[in-house]
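# Descriptive analysis of the structure
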Amino acid sequence: MKRLISMLALAALLGGCNLPGSQDNIRPGAVTNASAQANLNLAIEYMRRGNYETALERLDRAYQADPRYYATHNAYGLLYQQLREYKKAERHFKKALSLNKNDSPTMNNYARFLCQQGRLDKAESIFVRAADNPLYESPEIPMTNAGICAYRAGLYDKAEQYFRRALSLNPQVPAALMQMAQLTFTQENFLSARAYLQRYQQIAAPTPQSLWLGIQVERILGDKDAVSSYSLLLRNNYPDSEEAGLLRDSGPR
């Protein structure tokens, strides 16, 4: 049970520009009903697999067993968000927080939802509140999410502040490192972009986005060997990616 709870408490850092968190960012509290807990755990597993219909059935069973279990409402919110039933999603996120107002994983998920809906100011305040909870073991997650939310809105200075705070809390947050690499590249600070990308590569597998960024950085800095290495990885590992297409279109340099 301890391993399962730890697994559910971790946020999945999805890479690229996606927001960290998702169905993994559900932290069950004290088990008040074994049936509710068992069905919630199964629902989370089905959500991971993309089997949303069965996940909803399991959540309904968990709810019937204990309608006031906040983690079930958190999972409902995530599932309805995936199903684009946004009114239901928000209702369940709010219900989860009404049952446990200090649960940072729920706050993080709700703020992600608000960011997706373009409600940036409210999302930002909830991300910060989640991170400021002294009982939360992973405050770097909502900080990274706040940065991504600001970055998407074109608020680059604010985004940088959040990414730096996330990395001060945990220097090994792949999403924050990748976003700082992209941000410093946008700012034409190419040596910093290279440094952040190298830190990212030390702890995370390459993605089409990271490889394409590496190609662009090293082309500007003039390291042809690095360009060749990144290009080979991109062509071999992700031949059908959008970034591989960009590489083909850009031609040899």
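Quick look at the structure, then. None of the values given here were measured: they were computed from a predicted structure. (Residues numbered from 1 in each chain as written. Predicted model: local features only at pLDDT ≥ 70, side-chain atom pairs only at ≥ 80, totals over all residues. Heavy atoms only, no water.)

## Examining the state of the cysteines
Two cysteines form a disulfide when their sulfur atoms are joined by a covalent bond. Put simply, the test is: To count as a disulfide, a pair of cysteine sulfur atoms needs to be within 2.5 Å. Secondary structure elements follow DSSP: runs of H or I of four or more residues count as helices, runs of E of two or more count as strands, with numbering from the N terminus.
As enumerated under the stated definition, the model contains one disulfide in all. Across a sulfur-sulfur distance of 2.3 Å, Cys115 and Cys149 are joined as a disulfide pair. The disulfide joining Cys115 to Cys149 has a torsion of about 120° about its S-S bond and is therefore right-handed. On the criterion of sequence distance, the pair formed by Cys115 in helix α6 (residues 104–116) and Cys149 in helix α8 (residues 140–152) is long-range, its members being 34 residues apart.

## Let's talk about the packing of aromatic side chains
Here is the rule: Pairing of aromatic rings covers Phe, Tyr and the six-membered ring of Trp, with a centre-to-centre limit of 6.5 Å; geometry is then stacked below 30 degrees between planes, edge-to-face above 60, and tilted otherwise. Relative accessibility decides the category of a residue: with a 1.4 Å probe and only protein chains considered, values under 20% of the type maximum give buried, values over 50% give exposed, and everything between is partly exposed.
Under the counting rule described, the total for this entry stands at nine aromatic pairs. Their ring planes at 70° and their centres at 6.4 Å tell us that Tyr63 and Tyr76 sit as a pair that is edge-to-face. One end of the pair, Tyr63, is in helix α3 (residues 52–65); the other, Tyr76, is in helix α4 (residues 70–82), and 13 residues separate them in sequence. Their ring planes at 50° and their centres at 6.2 Å tell us that Tyr86 and Phe113 sit as a pair that is tilted. Pair noted here: Tyr86 is in helix α5 (residues 86–99) and Phe113 is in helix α6, with a separation of 27 residues, a long-range link. Judged by relative accessible area, Tyr86 falls into the partly exposed class, the value being 30%. Overall, the relative accessible area of 1% leaves Phe113 in the buried class.

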